[in-house]
Amino acid sequence: MTSDYDLVVVGGGPAGSTAATAVALRGHRVLLLERETFPRYQIGESLLPATVHGLCRILGVADEVARAGFTLKRGGTLRWGRAPEPWQFSFSMTPRLPEPTATAFQVERSRFDEILLRNAERVGVDVREGSPERRVLTDGEQVHGVEYTDPDGTARTAHARFVIDASGNTSRIHGHVGGARVYSDFFRNLAVFGYYAGGRRLPEPNSGNIFCAAFHAGWLWQQPLTLRRGHLSSVQFGRTPPSTSRQKSPTRALNTSGDSWNG
C-alpha cells in the first residue's frame, strides 16, 4: 500500500516529534514512523530554558510540560577545574533569561517524549508506532520516500517530497544514501549509568541542579529526577581512554565535594 506525504519523519523522539509538529503546523501532510510503542524508556534527562520556554511554547506543549511534575532545574553545580570547591551557575545570571524563564526541568524521558509525540498527533501528524523503517526509496541521488513495516507485519510504502532521519544512533538510513559515521578519536570514551534512590540533594534553591564533577580518569554527572515511583538520581560516569588517564576513584570526586550536599 502506498501513501503520499509532504514529509516523512523516521523516529519519534524529541527531534522527530519536533520536526513533524513544526511542519504540520504550517499545513503540510506529515507521516512519522516510530519503531517502538510509547511510552518507552530512554536515557537523557536534563533540559535547558530555551527548550522549556522557547521550543515547547512554539510547539504548544509548554503548559503540559509544566504540569507534568518534573524536577525544577535552576542551573548547574560543578566540581570542575583546578579549584577543589564546587561552584555553580544559575540561568537567572543572564538578563536574557528573566524570571520566570530562568528555569528548566530534569525530565523522565518516557513521559516527556510521549507528551511531544501525542502533541504531534493532535496537530495533524500521522503517527505510526510499532512501524520500523525497512529502506529508503531513491531515484538516483534523490530520496523520495520510505518502505516500512506496520504493526501487523504488512510492508507499506510512503512517498514524500522530503525525508528526515531522526532515528538516532541506531539509524540505518544514512548508510543507504551514501553517508558514513566518522568517529573522533578524542571522544572515544566509555560511559556507564544507573539510577539510585535515597541520595542527598543540593540545598535549596539548587536541589534540582545538574551536578558534574571531574576526576583524573574521567567525569561524572548526576540529575535529580522526580518519577512516578518516587525520587531518584540518574548518575553517569564517563571515562577517558586508559592511555590518557590517571586512575582515581570517582567516589573520591563525590566525597571531596560532600559539604556542598549537606543541608
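Going by the structure above, here's the rest.
Cut-offs used in this document
Residues numbered from 1 in each chain as written. Predicted model: local features only at pLDDT ≥ 70, side-chain atom pairs only at ≥ 80, totals over all residues. Heavy atoms only, no water. Core = buried A, V, L, I, M, F, W, Y, C linked by side-chain atoms within 4.5 Å. Buried < 20%, exposed > 50% of the residue type's maximum accessible area, 1.4 Å probe, protein only. Helix = DSSP H or I, 4+ residues; strand = E, 2+ residues; numbered from the N terminus. Contact = heavy atoms within 4.5 Å. Patch = residues over 30% accessible without salt bridge, like charges linked within 9 Å, V, L, I, M, F, W, Y side chains within 5 Å. Areas by Shrake-Rupley, 256 points an atom, 1.4 Å probe, with all protein chains shown as cover. Salt bridge = Lys/Arg side-chain N within 4 Å of Asp/Glu carboxyl O. Polar contact = N/O pair within 3.5 Å; in protein donor to acceptor, adjacent residues only side chain to side chain. Expected span 1.5 Å × (residues − 1). Phe/Tyr/Trp six-rings, centres within 6.5 Å; stacked < 30°, edge-to-face > 60°. Lys NZ or Arg CZ within 6 Å of the ring centre and 35° of its normal.

Visitor: What's the story with the nonpolar core in this structure? I'm lost.
Guide: Soluble globular proteins tend to bury their nonpolar side chains together. Of all hydrophobic cores here, the largest spans 17 residues; its most connected members are Val 61, Val 65, Phe 70 and Phe 112. Those elements that place two or more of their residues in this core are α2 (49–59), α3 (62–67), β6 (104–106) and α4 (109–122). With near-sequence residues (within four places) excluded, Val 65 lies in contact with Cys 56, Phe 70, Phe 105, Phe 112 and Ile 115.

Visitor: Would you mind showing me how to read a nonpolar patch on the surface here?
Guide: A contiguous nonpolar patch, built from Trp 80, Trp 87, Phe 89 and Met 93 and spanning about 440 Å² of accessible area, is present on the exposed surface. With respect to the helices, strands and loops of the structure, Trp 80 is situated in the loop between β4 (75–79) and β5 (87–90). Judged by its relative accessible area of 39%, Trp 80 falls in the partly exposed class.

Visitor: Sorry, what's going on with the side chain of Thr 77 here?
Guide: Its place among the elements puts Thr 77 in strand β4. A distance of 3.1 Å separates polar atoms of two side chains, one belonging to Thr 77 and the other to Asn 209.

Visitor: In this structure, what is going on with α4? I would like to understand it.
Guide: Residues three or four positions apart in an α-helix share a direction because the helix packs 3.6 residues into each turn. Taking 1.5 Å per residue as the helical rise, α4 with its 14 residues ought to reach 20 Å, and the 20 Å between its terminal C-alpha atoms agrees with that figure. Summarising burial for α4: eleven of the 14 residues are buried, a large majority. When α4 is considered as a whole, its buried residues turn out to be Arg 109, Ser 110, Arg 111, Phe 112, Asp 113, Glu 114, Ile 115, Leu 116, Leu 117, Asn 119 and Ala 120. Elements in contact with the buried residues of α4: α1 (14–24), β2 (30–34), α2, α3, β7 (126–129) and β13 (218–227).

Visitor: For this particular structure, what's the right way to read the pattern of salt bridges?
Guide: Should their charged atoms come close, side chains of opposite charge can pair. Under the defined criterion, the tally for this structure stands at 13 salt bridges. A single salt-bridge network, built from bridges that share partners, covers Glu 114, Arg 118, Glu 121 and Glu 129.

Visitor: Would you mind going over the side chain of Gln 236 with me for this structure?
Guide: Counting through the fold element by element, Gln 236 comes out in strand β14 (residues 230–239). Reaching out from Gln 236, the side chain makes a polar contact with the side chain of Trp 221 at a distance of 2.2 Å. In this structure the side chain of Gln 236 is engaged in a polar contact, spanning 2.4 Å, whose partner is the side chain of Ser 234. What Gln 236 contacts, discounting residues up to four positions off in sequence, is Ile 43, Glu 45, Val 192, Phe 193, Trp 219, Leu 220, Trp 221 and Gln 223.

Visitor: Would you explain the packing of aromatic side chains in this entry?
Guide: Between two aromatic rings, the relevant description is the distance of the centres plus the angle of the planes. For the structure shown, the criterion picks out six aromatic pairs. Aromatic side chains Phe 89 and Phe 91 sit 5.9 Å apart centroid to centroid with 65 degrees between the ring planes, which places their arrangement in the edge-to-face category. Residue classification places Phe 89 among the partly exposed residues on the basis of a relative accessible area of 31%. In this structure Phe 91 comes out as buried when scored by relative accessible area, which is 8%. Among the aromatic residues, ring-to-ring pairing joins Tyr 41, Phe 193 and Tyr 195 into one connected group. Across from the ring centre of Tyr 5, 4.7 Å away, lies the NZ or CZ of Arg 29, which sits over that ring.

Everything listed is a geometric property; what it means functionally is a separate question.
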